[in-house]
Amino acid sequence: QVQLVESGGGLVQAGGSLRLSCAASGRTFSSYAMGWFRQAPGKEREFVAAIAWSGTRTYYADSVRGRFTISRDNAKNTVYLQMNSLKPEDTAVYYCAAQDRTTWTPARWYAYDYWGQGTQVTVSS
C-alpha cells in the first residue's frame, strides 16, 4: 500500500508556471512507475505525463509535451510536475498515481493502483 499526497496547485495567469509535487509514503516508492492525470469539470480523467520507476523514461500527452516536465526524486519519495506556459485549458484537478505492474502502461488510468486526492490548478486568461 502507498499513500499519495499532491500539493502545489493554485491560481495562475495564462503563460505562468506552477510546480506540482506528489509525496509518497508506504511501500518502496522507487519500485513504482508514477503518473499525473487531470480532470476538468464535466470531462473524463485525462492522462498528462508519466515516468518510469528509474526516472529514465518519460511519456507525455501531446497537449502538454514541450510545456510540462515530469521528474522524480526517489530519495525524497516525491514526483514532480513542472508546468510552464500554462493555458486556460490546463485548468483541472490534477492527480498523481502510482503503478505497480510488471509491464509499464503509462497513459491508461485503469493501469494505476494508487491515487492521490488531487490538487486544483486554475489558469486565468
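Since we're looking at a predicted model, the values are computed, not measured.

## Quick look at the pattern of salt bridges
In this structure the tally under the stated criterion is five salt bridges. Residue E46 is joined to R38 by a salt bridge in which the shortest nitrogen-to-oxygen separation is 2.8 Å. Taking the relative accessible area as the measure of exposure, E46 reaches 33% and is therefore partly exposed. The exposure class of R38 is buried, given its relative accessible area of 6%. If you follow the salt bridges from partner to partner, you end up with R38, E46, R67 and D90 in one network.

## Here's the deal with the packing of aromatic side chains
Applying the stated criterion across every chain, the model contains seven aromatic pairs. Between the aromatic rings of F37 and Y112, the centroid separation amounts to 5.1 Å while the plane-to-plane angle is 80 degrees, which identifies the pairing as edge-to-face. Of the two residues, F37 is situated in strand β4 (residues 33-39) and Y112 in the loop between β9 (92-99) and β10 (114-115); the sequence distance between them amounts to 75 residues. Judged by its relative accessible area of 1%, F37 falls in the buried class. Owing to a relative accessible area of 5%, Y112 belongs among the buried residues under this scheme. Chaining the aromatic ring pairs together yields one cluster made of F37, F47, Y59, Y112 and W115. Residue placement shows R45 over the ring face of Y95; its charged tip is 4.1 Å from the ring centre. The ring of F29 has R72 lying over it, and the distance from NZ or CZ to the ring centre is 4.5 Å.

Cut-offs and rules
- Residues numbered from 1 in each chain as written.
- Predicted model: local features only at pLDDT ≥ 70, side-chain atom pairs only at ≥ 80, totals over all residues.
- Heavy atoms only, no water.
- Salt bridge = Lys/Arg side-chain N within 4 Å of Asp/Glu carboxyl O.
- Buried < 20%, exposed > 50% of the residue type's maximum accessible area, 1.4 Å probe, protein only.
- Phe/Tyr/Trp six-rings, centres within 6.5 Å; stacked < 30°, edge-to-face > 60°.
- Helix = DSSP H or I, 4+ residues; strand = E, 2+ residues; numbered from the N terminus.
- Lys NZ or Arg CZ within 6 Å of the ring centre and 35° of its normal.

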